[in-house]
Amino acid sequence: MYGIFCISLLLLLASTPSAFSATISFEELLNLNEATFFQHIHQEATFVMFYAPWCGHSKKLMPTWAELSQRYKPDELKIAKVDCTAETKLCSEENIRGYPTLLLYDPYGGESPQNGVRFHGERTLAAFSKFVEDTSNIDSITKQFELEGFVYVMTADNFLEIFKQPNAFVMFYVPWCSHCTVLKPTWEALAKKYNLETKTVIAKMDCSVHKSTCAELGIKAYPSLVYFNKGTVTSRYEGTRELKDLQTFVDLQYSLNLENDADEADEKIPSEDDEDTESVLSITGAKFHDTIGSTDTITFVKFYTPWCGHCKRLAPVWELLGKHYKRNSGVVIAKLDCEEYSHICKAQKVEGYPTLNLYHRGKFKAQHEGGRSLPDLIQFVTKHQPKEEL
């Protein structure tokens, strides 16, 4: 058991650390000392490697420890290090007796968060991630999404969660596309910068695997680079594919979204009854006519049943449509369960599911029978929005 540690007697045997190759080097990780250590562990979740530069086991772990930092955003978990040959007093206070010693400090977990929880398992990325998940209250984005290198992998199962992020920039691609292949290393470099340093999520989706999802999102060419903010498409990138131009675009979108969020916060006057409204309004039978009868809005209603396969397939796109119009007081995106309110559906002459009807001032105006991608649905709503009277 003691063989896995470099016991303090070995301090007499100094050696030069060997070089290793890592995308983010061990030297670049957060380095804590006596002046900064306690501030960090009391304010932020921090996983700390106490080490000695001469220790062979420490040197062996360094690349893995650096790679672990790529799995967490800085505001989720700090991956840090303490050089015990330089911080002898601090290491003594933390009861460090061998190298490397790995302690997880979580200010939001446990009765004594200032006391680190010691890691004793196998020193692998999977074991470290499992330890973090089991030991702390940290909810890493990597628990929801697979990470390839620095890029988050978007699938049909998780794409809605990625779109809900405040800022997400997604590359839609297919493996046989030569332009996609050329862009891949640049996209990786972009993800390295933003997935680790800011709240912008850089992701990718393989449309050869998730054909229906890409079709529903209106993806028709590869690569397609689309920027989302809280479920809404804010921009489609059509500039050069140079890294500097992509970075400029991301910085601009991020700043614009921050400004928009600030403006909305200033404009909104919260009340005691203020609640976070749903993006898609669920209509009950008793409220149907009141909902579609508003003189100020058009109401786009999805008539569905819980068992309908096509309805299930449309559901995430319908939610994105709701998010797109959530801040538009002139449009309501709604849904009605025909299994529960069959009399309403019968009265509206619904014969198949899903049926998508648009209403204005209580009257049926149009039925959507075209494509069910997000752009198709937005185009349909735009076409039937009332023109402003001069």
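Computed from a predicted structure; not experimentally measured.

### Brief notes about the pattern of salt bridges
Step number 1: Under the criterion given, the structure shown has three salt bridges.
Step number 2: The partner of Glu34 in a salt bridge is Lys89, with the nearest N and O atoms 3.4 Å apart. Here the residue Glu34 occupies a position in the loop between strand E2 (30–31) and helix H1 (37–43), and Lys89 occupies one in helix H3 (residues 88–93), the gap between them amounting to 55 residues.
Step number 3: When its relative accessible area of 37% is taken as the criterion, Glu34 is described as partly exposed.
Step number 4: Note that Glu148 and Lys204 form a salt bridge whose closest N and O atoms lie 2.8 Å from each other. Here Glu148, found in strand E8 (residues 146–148), pairs with Lys204, found in strand E11 (residues 200–206); they are 56 residues apart in sequence, far enough to count as distant.

### So, the pairing of strand E16 (residues 331–337)
Step number 1: With five of seven residues buried, E16 lies mostly within the body of the structure.
Step number 2: Across two bridges, strand E14 (residues 281–282) lies against E16 in parallel orientation. In the sheet register, Leu281 faces E16, and the bridge partner there is Ala334.
Step number 3: Pairing of strand E15 (residues 298–304) with E16 involves seven bridges; the strand directions are parallel. Counted as the bridge partner of Thr299 is Val332 from E16.

### Considerations on the nonpolar core
Step number 1: Grouped together as the largest cluster of nonpolar side chains are 58 residues, with contacts concentrated most on Phe163, Phe169, Phe172, Trp187, Phe300, Trp318 and Leu321.
Step number 2: Phe300 has contacts with Trp318, Leu321, Val332, Ile333, Ala334, Leu356, Asn357, Leu358, His368, Leu377, Phe380 and Val381, leaving out every residue within four places of it along the chain.
Step number 3: Counting residues in hydrophobic clusters, the runner-up holds 21 residues, among them Phe47, Met49, Trp65 and Phe131.

### Structural notes on the packing of helix H10 (residues 309–324) against helix H12 (residues 374–384)
Step number 1: Orientation of H10 relative to H12, taken along the N-to-C sense of each, is 50°, at an axis distance of 10 Å. Here H10 is positioned oblique relative to H12, judged by the angle of their axes. The hand of the H10/H12 crossing is right-handed. Residues Leu314, Val317, Trp318, Leu320, Leu321 and His324 of H10 form the contact with H12, whose participating residues are Leu374, Leu377 and Ile378.
Step number 2: For the contact of H10 with H12, the per-class residue count stands at eight nonpolar, one polar and no charged.

### Notes on H10
Since the α-helix packs 3.6 residues into each turn, any two residues three or four apart lie on the same face.
Step number 1: The first and last C-alpha atoms of H10 sit 24 Å apart over 16 residues, in line with the 22 Å expected at 1.5 Å per residue.
Step number 2: At Ala315, H10 shows its strongest bend, of approximately 40°, with the proline Pro316 following within four residues.
Step number 3: For H10, the set of buried residues is Cys311, Leu314, Pro316, Val317, Trp318, Leu320, Leu321, Gly322 and Lys323.

### A look at the environment of Val381
Step number 1: Locating Val381 in the fold gives a position in helix H12.
Step number 2: Note on Val381: relative accessible area 0%, which makes it buried.
Step number 3: A C-alpha to C-alpha distance of 8.4 Å links Val381 and Val331, two positions 50 residues apart in sequence.
Step number 4: Leave out the neighbours within four places in its chain, and Val381 touches Ile298, Phe300, Tyr325, Val331 and Leu358.

### Describing H12
Step number 1: Looking at H12, one finds that the buried residues are Leu374, Leu377, Ile378, Phe380, Val381 and His384. Considered in projection along H12, the buried side chains sweep an arc of 160° and stay on one side of the axis. Of the exposed residues in H12, the ones pointing more than 90 degrees away from its buried face are Gln379 and Lys383.

Basis of the calculations
Residues numbered from 1 in each chain as written. Predicted model: local features only at pLDDT ≥ 70, side-chain atom pairs only at ≥ 80, totals over all residues. Heavy atoms only, no water. Salt bridge = Lys/Arg side-chain N within 4 Å of Asp/Glu carboxyl O. Helix = DSSP H or I, 4+ residues; strand = E, 2+ residues; numbered from the N terminus. Buried < 20%, exposed > 50% of the residue type's maximum accessible area, 1.4 Å probe, protein only. Pairing = 2+ DSSP bridges. Core = buried A, V, L, I, M, F, W, Y, C linked by side-chain atoms within 4.5 Å. Contact = heavy atoms within 4.5 Å. Axes fitted to C-alpha atoms, helices over the stretch in contact; angles between N-to-C directions. Parallel < 35°, antiparallel > 145°, perpendicular 65-115°, else oblique. Left-handed = near helix turned anticlockwise from the far one by under 90°. Nonpolar A, V, L, I, M, F, W, Y, C, P; charged D, E, K, R; others polar. Expected span 1.5 Å × (residues − 1). Bend = angle between axes of the 7 residues up to and from the residue. Arc of directions from axis to C-beta.

Don't take any of this as a statement about function, it's just geometry.
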